[in-house]
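Chain residues, written in single-letter form:
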Amino acid sequence: MADTATEVATEPHTGPVEFDVTEEQQELRAAVRRFCAEQSDGPAVRRHMESEHGHDPAVWARLGRELGVLGLAVPEELGGAGAGLVEQSIVVEELGAALLCGPVLGTIGLALPALVASSAGPLRDELVPSLVDGSRTAALAAPERAGLFDPHAITVGAVHAGDGWELTGVVPQVVDAAGADLLLVAASGPEGIALFAVPGAAEQVQTEPLTTLDLTRRQATVRMREAPARLLAGADEIDAVLGHAFYTASALLAAEQVGGAQHMLDVTVAYAKERLQFGRPIGSFQAVKHRLADMLVLVEHARSTAQHAAWALQTGSDDPFLATSIAQATCSEAYYRVAADAVQLHGGIGFTWEHEAHLYFKRAVTDAALLGGAEIHRDRIAAAVLDHVRATPGVPPVADGRA
Amino acid sequence: MSTATDAARVEEVAGRVVADHDPRRLPVQEFLGACFDAGLSWVHFPDGLGGLGVSRGLQASADAVLQSAGGPVPFRLNPIGYGMAAPTISEHARSPELARSWLRPLATTEELWCQLFSEPGAGSDLAGLATSAVRDGDTWVVNGQKVWTSLAHRARWALLLARTDPDQPKHKGLTYFVLDMEAAGVRTRPLRQMTGQAEFNEVFLEDARIPDEHRLGAVGDGWRVAMTTLMNERSAIGAGGAERGSGTIADALALWADRPHRRTPVLRDRLAALWTRSEAQRLTSARARRGVASAGSPGPEGSVAKLVSAELNQDVYEFCMDLLGPESTLYSSYEVRRDGREADWRGAVQQRFLRSRANTIEGGTSEVLRNILGERVLGLPGDLRADAGKAWKEVPRG
Ligand SMILES: Cc1cc2nc3c(=O)[nH]c(=O)nc-3n(C[C@H](O)[C@H](O)[C@H](O)COP(=O)(O)OP(=O)(O)OC[C@H]3O[C@@H](n4cnc5c(N)ncnc54)[C@H](O)[C@@H]3O)c2cc1C
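Residues numbered from 1 in each chain as written. Chains lettered and ligands numbered in written order. Predicted model: local features only at pLDDT ≥ 70, side-chain atom pairs only at ≥ 80, totals over all residues. Heavy atoms only, no water.

Section: the overall build of chain B
- Scanning chain B for helices and strands turns up 12 helices and 8 strands.
- Relative to a compact globule of 398 residues, whose C-alpha radius of gyration would be 21 Å, chain B shows 22 Å and is just as compact.
- Principal-axis analysis of the C-alpha atoms gives chain B an extent of 70 × 50 × 45 Å.
- Burial status across chain B gives 53% buried among its 398 residues.
- For chain B, long-range pairs separated by at least 24 residues make up 72% of all intrachain contacts whose partners lie at least 6 apart in sequence.
- When the accessible surface of chain B is totalled, it reaches about 16,800 Å², and 52% of it is carbon and sulfur. (Helix = DSSP H or I, 4+ residues; strand = E, 2+ residues; numbered from the N terminus. Rg over C-alpha atoms; globule rule 2.2 N^0.38 Å. Buried < 20%, exposed > 50% of the residue type's maximum accessible area, 1.4 Å probe, protein only. Contact = heavy atoms within 4.5 Å. Areas by Shrake-Rupley, 256 points an atom, 1.4 Å probe, with all protein chains shown as cover.)

Right under this line is the structure:
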């Protein structure tokens, strides 16, 4: 230990700096973008979203096995790539730009981080690798309010049964639960609230698919009646485990919002250059040009805050509560605004089923509502930075009408 | 390329400067002179011109050391000098000796600078300006009127853009000069602004003479040189505070803390939104700085920062006024000060509020900046232009 400490101390300025973009990161982005262009172009997205489980398990498995991009933030000793959340968020951003159908939020955003944060053990070792290689998928069924675990809203009970446990209860609106191989379920037991692993295919588990506004991201109601369960994280651990999961999901969701917003901006800019009215490209009209400039500003702001959230969680350089709320408040608003403006600037074609804009618009609406909307994150920010501030010497002078 | 060794060197040099020249004890000019001699004024400038020839991104490291030891923020003392004149001089001055003779007193703030660009007939359409410069042997004779010139009444030198060929289309006939504000034929008249103060001026040029040596860049190449100035102006204006909660938003937070009885849930949400936007902008500037650090000079992204910080300033002070309620209707004094303390941003909140209305006009209006973002960053087609291809003298003006 002492050796390591000296080594670190005598080597200043060598680590990466926030917002640096490494060559590896550029390659990673390009690889995922290429993959999405081949496997998840417009027609494929429509095929996948209308399929039984709302995604193509083969495509998901290739993301895991061939590209190895599902477990970038999972430590190597657990079978992940050990790269970090910054890298994982680059991947999620590109998946969001392509609107790739798959359990991005359920598996990469929530379940894997929950597993990583749980204490070591054979159960964890058993569950993580198949999620990382994409052969299995997972969802998290734990109540959340504005991106924070809400233990008061638990609707599932756990009782001892032989070596293991049995869960009974109903969890509404679980993202990516339909067809998930693994459900991580928060339930209330004799020793308090704990997190359990439940096989999605067990006959005591019923996932009832819901019709969602955003067809590219499914939700389901999960009903359990004496479903077999194994304990993953006990009452003493669950806050830390789910805290880590929800913070990570918030940062990754923000990255996804950046990807979608950037894509909508790109598509709209391209359209504004080619669509002619009054004998000129509509992008030469200032009403259009200025709106696009504002969209650019929103995307740039969103990108900065999303990257900061991932960096803050990865390095511990900022309060995770604030960093994720800043990102969520900014990115939710940005993606919605940009997608709405994209519809507007396309005119009639932007309102059609055929055009891709509505798919992104619906994702933007959903992403903004998931893990807390902009207002609720601003409320959290206000609680952190405004409610307890005390008067400081830096108060600017206020004129009182006397010279 | 920013390397670890350069970063260590900058910090070490800065550490030595504050050790040998305590900014808390020395006169400001002496301290800033030491910074210049050590190469810390603009670290990316060449040796001998106030720089160390390292990446521009390392300026932040130098400033952090100098300012945490109690050093001033030099940009505030000579804003046009530090932000715009210095990069233009270092890039375009005819000789290093000449550059040095301007840069050192600029850096120490003994000599302030101003910018003679805008004219009554040429604001957003800067390239349409009419002030003429006619060659007479080794000197140029300048005639015309400039307007809105900040600090002209205190400046020793001016960056001047003038027309040297009225027969060319507007962008092609311009040449860039450094003008001695003490030269014969230069007359400055204060212009009062809505705050009551007169930070800016009209400047009349009547047969003012400039030695050819004080020309920056080639004859007819003034527009390109002016671009160096404008890009730096916009990124300097938009640079903002490096720390969370610093900059204009600090005023709003401090007032919020100081007036708990004025709080309402609606104001609370507005302030949280402003705080979040400030934070997003702060992070975006940090990201742009990392970009500048690798690209070398500010790109059009500087225009994002300028646009956002101008509108954010206005929104922050609108919030402050709403928080103050009845107090917001009072003012300190509309009497003109000319004692060097006329800067509106030092005034009361109500005065800062009035001053913020200029933020979206000065240094390029927000409309023009949105054009720039649309055309230069997003690559959208330009507007239809009534003056395209025409000789400057044939373009209607008014
Ligand atoms: C406080 C302050 C300090 C200043 N300091 C200096 C200084 O030191 N040196 C200096 O040279 N100048 C200075 N200026 C001048 C400033 O750069 C100009 O005021 C600015 O460029 C706008 O020009 P204008 O005032 O002629 O307005 P105009 O260009 O006449 O603009 C009037 C309105 O028309 C809009 N408009 C114009 N063209 C377009 C277009 N193509 N598309 C859409 N809208 C358009 C503008 O956005 C604006 O709303 C200062 C200004 C202020 C307010």
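Here we look at the packing of aromatic side chains
- Scanning the entire structure with this criterion turns up 14 aromatic pairs over all chains.
- For the ring pair B:W42 and B:F45, a centre distance of 5.0 Å and an interplane angle of 20° mean the geometry is stacked. When sorted by exposure, B:W42 lands in the same class as B:F45, which is buried.
- With a centroid separation of 5.0 Å and 40° between ring planes, the pair formed by B:W42 and B:Y82 is classed as tilted. Of the two residues, B:W42 sits in the loop between α2 (28-38) and α3 (59-68) while B:Y82 sits in helix α5 (residues 79-92), which places them 40 residues apart along the sequence.
- Three or more aromatic residues joined by ring pairs form one cluster here, namely B:F36, B:W42, B:F45 and B:Y82.
- Over the face of the ring belonging to A:F321 we find A:R380, whose NZ or CZ atom lies 4.6 Å from the ring centre. (Phe/Tyr/Trp six-rings, centres within 6.5 Å; stacked < 30°, edge-to-face > 60°. Lys NZ or Arg CZ within 6 Å of the ring centre and 35° of its normal.)

Quick notes on the site of the ligand
- The environment of the ligand is formed by 18 residues, the closest being A:Q286, B:S124, B:W148, B:T365 and B:E367.
- Surrounding the ligand are residues belonging to chains A and B, so the site spans chains.
- With respect to the ligand, the backbone of B:Q115 contributes an N or O atom lying 2.8 Å from a nitrogen atom.
- B:N371 is positioned such that a nitrogen or oxygen atom in its side chain is 3.4 Å from a nitrogen atom of the ligand.
- Burial of the ligand by the surrounding chains reaches 68%, relative to a free accessible area of 970 Å².
- Put simply, the parts of the chain that give the shell around the ligand at least two residues each are β3 (139-150) and α12 (366-377) of chain B.
- Counting residues per element, the shell around the ligand draws most heavily on β3(B), which supplies 3 residues.
- The class makeup of the residues in the shell around the ligand is 5 nonpolar, 10 polar and 3 charged.
- Three or more residues apiece are contributed to the shell around the ligand by two domains, here domain 2 (114-225) and domain 3 (238-377) of chain B. (Near = heavy atom within 4 Å. Polar contact = N/O pair within 3.5 Å; in protein donor to acceptor, adjacent residues only side chain to side chain. Nonpolar A, V, L, I, M, F, W, Y, C, P; charged D, E, K, R; others polar. Domains from an automatic or database assignment.)

Overview of the pattern of salt bridges
- Applying the stated criterion to the full structure yields 50 salt bridges over all chains.
- Here A:R280 ties to B:D383 by a salt bridge, and the two come within 3.5 Å at their closest N and O atoms. Of this pair, A:R280 sits in strand β11 (residues 280-281) while B:D383 sits in the segment after α12, on two different chains.
- A salt bridge links B:R156 to B:E111, with the shortest nitrogen-to-oxygen separation between them at 3.9 Å. (Salt bridge = Lys/Arg side-chain N within 4 Å of Asp/Glu carboxyl O.)

Side note on the domain arrangement of chain A
Residues and elements named next belong to chain A.
- Looking at the assigned domains, one finds that chain A contains domain 1 (6-132), domain 2 (138-236) and domain 3 (240-385).
- For domain 1 and domain 2, the distance between their C-alpha centroids amounts to 23 Å.
- Taken together, the contacts link 24 residues of domain 1 with 19 residues of domain 2.
- Summed over both partners, the interface of domain 1 with domain 2 buries about 1,700 Å², with 65% contributed by carbon and sulfur atoms.
- In terms of surface lost to domain 2, no three residues of domain 1 exceed M49, H53 and L123, which account for 27% of the buried area on that side.
- Notably, a salt bridge pairs R230 with E126, separated by 2.9 Å at the nearest N-O pair.
- Taken together, the connections running from domain 1 to domain 2 amount to 6 residue pairs in polar contact (both at pLDDT 80 or more).
- Residue assignment for the side of domain 1 that touches domain 2 shows that the elements contributing at least two residues are α3 (42-49), α6 (104-117) and α7 (122-132).
- Ranked by residue count, the leading element in the side of domain 1 that touches domain 2 is α6, at 8 residues.
- Its residues assigned to classes, the side of domain 1 that touches domain 2 shows 14 nonpolar, 7 polar and 3 charged. (Buried area = accessible area lost by both parts, 1.4 Å probe.)

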